[in-house]
Structures are given as structure tokens and as C-alpha cells.
Amino acid sequence: MSIRVVVADDQELVRAGFGMILDAQDDIEVVAEAGNGEEAVAAVRRHAPDVLLLDIRMPVMDGLEAARRVCAQSGCKVVMLTTFDLDEYVYEALYAGASGFLLKDVRRDDLVHAVRVVAAGDSLLAPAVTRRLVADIVRCRREQAAGAATPQRLDALTARETETLRLLARGLSNAEIATTLFVSEHTVKTHVSNVLGKLGLRDRVQAVICAYETGLVAPGSP
């Protein structure tokens, strides 16, 4: 069964380029394109795609508002597209429920991989730029509103779940966490599920943000 994708960007050449790359894959089908956020939201409602590639800066309705609406109204996974690797709107998009982001100069193979990863229910956390962006922006937010997120929020977690969250924030995959903790991948999946459930988080990306906000992981830490 093909992964259904909507590509939303106000630059026609970008839309067409991404569409051609994705449509060339046997397991991916681009079902619609959109030139602004309003069109993107409408396309998701009409076509019920698995993944929405969504530009942050668009006319009529920006990508941030579109991400909020799509994530609130559907199970479609949202991947934000941006020209800049340090864009404050990416942070807001992650909180809105986006599963990650890509730079517009992403390599062909990385674009395809990202769509497959997100469609499978995972989040786009591996690139170092993602962790740096989250760390930098959370640091600024904590300086602006000290105490808004407190370590007490993590009290519901067991020691092993807390350690799992710390490793998630470092960008480790389930397999890498399993190796680090000397447990099975199935056990890691259970810990991750428990962390998300207890903290009321949508996905691994929001778990990373939570880890930084609560001080469990400090910006710049390895």
C-alpha cells in the first residue's frame, strides 16, 4: 500500500521537484499539491494523506497555523519544510504536532527516507540540526519564562523511563537505546510509550522538547 503524500509550498518549482522525487518511488504517491496553508489544510481533508510536507512561510495561511489545524483534525503526519536550520517557527510547529522538519536543500535520499520514517509513526530526530535547533530555542524560551516547565513534571516517570527520555533527547534510536540500557527493543518501545502517555505527549519530538524544557537535558550536552 502506497504512502500518500501532499506537498505544500508556495514555490512551484519546489513543489514540483519534491513531487517528482517522491512519485518516482514505488511505495509513495503524491496525491495533491498546495501553494499555501489554506490549500494544504483543504487538501488533507479531501485526500486523507499519510504525510504532509509543509512549508513554514506561505501566503494566505502560514505553515504553522496549517500544521495546528491538520494535527488537530486528522492523523496525518506533518513534516515542516524550511530554508533555515534555525527558524523559531519550527519550535512552534513541533509543539503544534509536527513530526519533524527538513531543510529545503535536503538530499533526494533523505527526503524519501523522511517520508517513510514519519509515515511509519516515528519522528524525524536523527539529524543533529534538529537537536541543536530544539536545544537552542528551548534555552531561549527558558530564559524568557523561567520556571514555566519544572522538573516535577517528570515525577510520574520511573527511573528507567527517565533514562529512556534522556537518551531520546540525545537523538538515539530504539536500537541504540536498547544497546545502551542492555534491554530489548521491545522493552524500549514500552518505555517510550509509557513516557509519552504519562507526560501527555504526541510523539518523540515533543518528548525531546520536554526533556530540554524540564532541564533533564541541558542545551549543548552530548
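Chains are numbered independently. Their residues run from 1 in the order of the written sequence. Totals for whole chains, interfaces and linings use every residue, but because this is a predicted model, local features are given only for residues with pLDDT of at least 70 and side-chain atom pairs only at 80 or more, for both listing and counting. Only heavy atoms go into the side-chain values, all of them from the structure, while hydrogens and water stay out.

A.B. asks: Outline the pairing of strand S2 (residues 28–34), supporting the account with residue identities and numerical values.
C.D. replies: Here's how the labels work: a residue is buried when its accessible area is under 20% of the maximum for its type, exposed when over 50%, partly exposed in between, all with a 1.4 Å probe on protein chains only. Here a helix means four or more residues in a row that DSSP labels H or I, a strand means two or more in a row labelled E, and each is numbered from the N terminus. Most of S2 sits out of view: five of its seven residues are buried. One bridge is not enough; two strands pair if DSSP finds at least two bridges between them. Inspection of the sheet shows strand S1 (residues 3–8) paired to S2 by six bridges, in the parallel sense. Looking at the pairing, Val 6 lines up with Ala 32 of S2. Clockwise travel from the first strand over the helix to the second, with the strands pointing away from the viewer, marks a crossover as right-handed. Tracing the backbone out of S1, into helix H1 (residues 12–23) and back to the parallel element S2 gives a crossover that is right-handed.

A.B. asks: Describe the nonpolar core, with residues and values.
C.D. replies: Grouped together as the largest cluster of nonpolar side chains are 29 residues, with contacts concentrated most on Ala 8, Leu 52, Leu 54, Val 70, Val 78 and Met 80. The element that contributes the greatest number of residues to this core is helix H3 (residues 63–73), accounting for five residues. Leave out the neighbours within four places in its chain, and Val 70 touches Val 41, Val 44, Leu 52, Cys 76 and Val 78. To qualify as a nonpolar core, a set must consist of buried Ala, Val, Leu, Ile, Met, Phe, Trp, Tyr and Cys residues joined through side-chain atoms within 4.5 Å. Val 195, Leu 201, Ala 207 and Val 208 belong to the second-largest nonpolar core, a separate cluster that totals 23 residues. Only heavy atoms enter the contact rule, under which two residues are in contact if any of them lie within 4.5 Å.

A.B. asks: If you had to explain the pattern of salt bridges to someone new, which residues and values would you point to?
C.D. replies: Note on definitions: salt bridges are taken to be side-chain nitrogens of Lys or Arg within 4 Å of carboxyl oxygens of Asp or Glu. Evaluated as defined, the whole model comprises nine salt bridges. Across the pair Asp 55 and Lys 104 runs a salt bridge, and its minimum N-O distance is 3.2 Å. Linking Asp 55 in strand S3 (residues 51–55) with Lys 104 in the loop between strand S5 (100–103) and helix H5 (108–119), this pair joins segments that are 49 residues apart in sequence. Residue class for Asp 55 comes out buried when judged on its relative accessible area of 4%. In this structure, Glu 65 and Arg 68 form a salt bridge, with 3.1 Å as the shortest nitrogen-oxygen distance. In this pair, Glu 65 and Arg 68 both sit in helix H3, three residues apart, roughly one turn of the helix.

A.B. asks: Outline the pairing of S3, supporting the account with residue identities and numerical values.
C.D. replies: With respect to burial, S3 is a largely interior element, five of its five residues being buried. Regarding the hand of the β-α-β motif, the stretch spanning S3, H3 and strand S4 (residues 77–82) is right-handed.

A.B. asks: Tell me about the environment of Ala 178, residues and numbers included.
C.D. replies: Along the chain, the position of Ala 178 falls in helix H8 (residues 174–181). On the basis of relative accessible area, Ala 178 is assigned to the buried category, the value being 6%. Through-space distance from the C-alpha of Ala 178 to that of Thr 164 is 9.2 Å; in sequence the pair is 14 residues apart. The residues touching Ala 178, leaving out its near neighbours within four places in the chain, are Val 183, Ser 184, Glu 185 and Val 188.

A.B. asks: Outline helix H2 (residues 37–47), listing residues and values.
C.D. replies: Looking only at H2, the buried set comprises Gly 37, Ala 40, Val 41, Ala 43 and Val 44. All buried residues of H2 fall inside an arc of 160 degrees around its axis, so they share one side. With respect to the buried face of H2, the exposed residues turned more than 90 degrees away are Arg 45 and Arg 46. On its buried side, H2 packs onto S1, S2, S3 and H3. Polar contact is the term for a pair of N or O atoms within 3.5 Å; when the atoms are in protein, one must be able to donate a hydrogen and the other to accept it, and sequence-neighboring residues count only if both atoms are side-chain atoms. The opening residue of H2, the one whose side-chain oxygen lies 3.0 Å from the backbone nitrogen of Glu 38, is Asn 36. One or two positions beyond H2, positive phi appears at Ala 48, with a value near 50 degrees. Think of it as the arc spanned by the lines of direction from the helix axis to the C-beta atoms.

A.B. asks: Explain the sheet that holds S5 to me, and be specific about the residues and the numbers.
C.D. replies: Strands sit in the order S2-S1-S3-S4-S5 across an open sheet of five strands; the sheet is parallel. In this open sheet, the two strands that pair with only one neighbour each are S2 and S5. The sheet shows a mean angle of 25 degrees between the axes of neighbouring strands, taken without regard to direction. Where S3 meets S4, five bridges bridge the pair, whose relative direction is parallel. Each residue of the ladder has a partner; that of Asp 55, found in S4, is Leu 81. Sitting on the sheet, H2 touches S1, S2 and S3, and the angle it makes with S2 is about 135 degrees. For helices, the axis comes from a line fit to the C-alpha atoms of the stretch in contact; other axes are also lines fit to C-alpha atoms, and the angle between any two N-to-C directions lies between 0 and 180 degrees. Sheet contacts for H5: S1, S2, S3, S4 and S5; angle to S3, the most-contacted strand, approximately 125 degrees.

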